[in-house]
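Each chain, written out:
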2 protein chains.
Amino acid sequence: MTHFKPLLAASAACFAIALTAPAAAQDVPQGVQESEQANFEVHVVAEGLEFPWSIAFLPGGDMLVTEREGRLRVIRGGVLDPEPLAGVPDDLLVERQGGLMEIALDPDFASNRMVWFSYAAGTPQANHTALARARLNAAVTALEDVEVVFRARPDSPRGFHFGGKIDFLPDGTLLLSLGDAGLFRDEAQNLRNHLGTIVRLHRDGSVPDDNPFTGRDDAAAEIYTWGHRNVQGLAVHPETGVAWSHEHGPRGGDEVNILTPGLNYGWPVISYGINYDGSIVTEHTAMEGMEQPAWYWGVSPAVSGMAFYDGDAFPEWRGDLFIGALAGMRVIRFELDGDRLIGTEDLLSDMGMRIRDVRAGPDGFLYLATDDIDGMILRLQSPAE
Amino acid sequence: MTHFKPLLAASAACFAIALTAPAAAQDVPQGVQESEQANFEVHVVAEGLEFPWSIAFLPGGDMLVTEREGRLRVIRGGVLDPEPLAGVPDDLLVERQGGLMEIALDPDFASNRMVWFSYAAGTPQANHTALARARLNAAVTALEDVEVVFRARPDSPRGFHFGGKIDFLPDGTLLLSLGDAGLFRDEAQNLRNHLGTIVRLHRDGSVPDDNPFTGRDDAAAEIYTWGHRNVQGLAVHPETGVAWSHEHGPRGGDEVNILTPGLNYGWPVISYGINYDGSIVTEHTAMEGMEQPAWYWGVSPAVSGMAFYDGDAFPEWRGDLFIGALAGMRVIRFELDGDRLIGTEDLLSDMGMRIRDVRAGPDGFLYLATDDIDGMILRLQSPAE
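Heads up: these notes are all about the structure in this document. Because the structure is predicted, anything quoted here is derived from the model rather than measured. (Residues numbered from 1 in each chain as written. Chains lettered and ligands numbered in written order. Predicted model: local features only at pLDDT ≥ 70, side-chain atom pairs only at ≥ 80, totals over all residues. Heavy atoms only, no water.)

Considering the pairing of strand β14 (residues 197–201) of chain B
Residue and element names in this part refer to chain B. Of all the five residues making up β14, five are buried; the element is thus mostly covered by neighbouring parts of the structure. In β14, alternate side chains face the same way, and those of T197, V199 and L201 on one face and I198 and R200 on the other are all buried. Summarising the sheet, strand β13 (residues 174–177) and β14 pair through four bridges and their orientation is antiparallel. Bridging from a neighbouring strand, L175 pairs with R200 of β14. In this sheet, strand β15 (residues 223–226) lies alongside β14 in antiparallel orientation, the contact comprising three bridges. The partner of T197 across the bridge, within β15, is W226. (Buried < 20%, exposed > 50% of the residue type's maximum accessible area, 1.4 Å probe, protein only. Helix = DSSP H or I, 4+ residues; strand = E, 2+ residues; numbered from the N terminus. Pairing = 2+ DSSP bridges.)

In structure tokens, the structure reads:
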């Protein structure tokens, strides 16, 4: 594994906010937390994870967790195994926002034990987002038969905006989000490369014939949607089967999008945000041929992770959308009416923890990964009787 | 004029919030106020108004302002005339939330000098919302030929939830919002009376033939939409010609609705709010045959006043929706994409003033009425060069 400047990688995660002391388990709020619709308690599932990025639930209740620093971990019978799983690819690069990113079970995991993961690959001078699949061994100690299925092109020397979120459409194809790589902002409008897009692939790595740009020689055939900045949330709606995403704006302009194949989501030609230094990205917030977001934030929460909730533990939350916030340090709940976001509530905004991932567990509870050098997996569970 | 318990009326306006010292002109923020999209300055147009409720702009720049305590005032050449206009109806009742409410110019004001206004009428034991029209005399000192065009039925002994907002559809008909009168909550689902509805009338007081319930003997023919709690914001979208409204929920559940004639907006069968005492209004937030809001607030700002902005002074705000907040003490801006609310921002939330009305002036500036015994008219104007 190529492992450059881990300390710099850690501090880069905080570059947009004031440095704060690491969050610790004792900072987790105790007792019943009241919210508008459901009350809950916060339980610490695991701590001591180094920048946990993504959570996947194994049949039977165990969990896989990625650490951005390049390790795949397992929480086994409720206990974090100190030993990482073997088999993470050698070309993994830990650099700024990149490292080991998403972990997702194949839709047919029960029969094929395949998992999918995304990671930053290459060198600090030339890196990209890679998508790989592997077989999880029976003991859950190693990835076997690791195969890289897709590499985003071109390489970037920046180490920013890797995207990396994975989900599966009802037809069994896979979506992978990719960032604009930080440097090549205008490349998000260039259909000839993968920067600033979401790509759609068959699970054998081939490109679906019905992708929107299949057969065109002026566009990459993998592209599903384009004009994205850095998609850090991707989830297929459990009822409609339509993929939703969210992405980071520059300063302001984080947005939620509902994805239609082939459409252009506008970055950097239209945006509700401005540059971090206060300069203008674009004077346009809307333009013909570019999609408006379903929601945008004027003050960026730095959204991360996304889950539709349809569990049984919190009936009041069924049908709602949950999104984490890094700089904004909270969980954001949206009430939905079809594909409209019609109300919003902040949860755990006093906890003071950066939220990297939000997942609805098979037990009906909501799981969070906190973005910290001493990161945690938290569970929002029903209050004890 | 029947004028009961003015001091009680004043304190009743604060019943849902902690009592605060009256806001004063020196509390208005000085200098350039920065916001996400536009910067502005706040200018005090007038002060010393007793609970100003509504603003109307006369040709030439003068303004009419209602005071809930039963007076119609004029700001003439930028100066508040100490003498109220004569001609307010004798049956006006100042009681709790009721008094003189909306003032609106007839769409043909330039040729007919007609104004429309709403007020609480009757006695503390039996009161209702009345709609009247009158001719504004040339000197702007009196209402003449005052005629009551509509009275909501039945009377209520409560003095709450009078509605009272007025606007005009592109076809020249008039919409008037009515509350559920506080006591008869379930009556908002009863089409046979006017409680909890918005009604539509011709400007001669007759009922349009194309109203949704015209000709039905089980419904009041004036009804345009129903199932409302207390509509305190009503504005016709300048581009689509469709009426939008907002209404107060109980504790939580304030909502924005986009009005379709004949439809049921659900109160009190569905609501995102609960009672002030924490008890449940309804377990349902959605039901077949009842409309979902375009937006709802889990924590009620107590929304009041509503304006679509299409002026020239703030190009960044063009197409946006502005809503005032009483208990929430701020101005709420929504970014719109067609009929979707896709982003929101709070303005003047540090000012600490209850906002009763929000209007876009013909000069392109935004005007506010503060809800206070020493109330003000404020203007959000472009910063001085």
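A few points about the sheet that holds strand β26 (residues 375–381) of chain B
Residue and element names in this part refer to chain B. Strand order in this open sheet of four strands is β2-β26-β25-β24, and the pairing throughout is antiparallel. In the strand order of this sheet, the two ends are held by β2 (41–49) and β24 (355–360), each with one partner. Direction aside, the axes of adjacent strands within the sheet are offset by 20° on average. Here β2 runs beside β26; their pairing, made up of six bridges, is antiparallel. Within β26, the residue paired with L49 across the bridge is G375. (Axes fitted to C-alpha atoms, helices over the stretch in contact; angles between N-to-C directions.)

Some points on unusual backbone geometry
Between A:R153 and A:P154 the backbone carries a cis peptide bond, its omega angle lying at 5°. Structurally, A:P154 can be placed in the loop between β11 (143–151) and β12 (166–168). Located in the positive-phi region is A:A302, a residue other than glycine, with phi close to 60°. For B:F51, which is not a glycine, the phi torsion comes out positive at approximately 50°. Judged by its relative accessible area of 4%, B:F51 is buried.

Here's the deal with the relation of the copies chain B and chain A
Taken as rigid bodies, chain B and chain A are interconverted by a rotation of 180° and an axial shift of 0.0 Å, the fit giving an RMSD of 0.0 Å. Considering both components of the superposition, the chain copies are consistent with a two-fold axis. Among all C-alpha atoms of chain B, that of B:R340 lies closest to the rotation axis, at 3.6 Å. Taken as a fraction of all interface residues of chain B, those also at the interface in chain A reach 95%, which identifies the copy contact as same-surface. (Least-squares fit on C-alpha atoms with pLDDT ≥ 70 in both. Contact = heavy atoms within 4.5 Å.)

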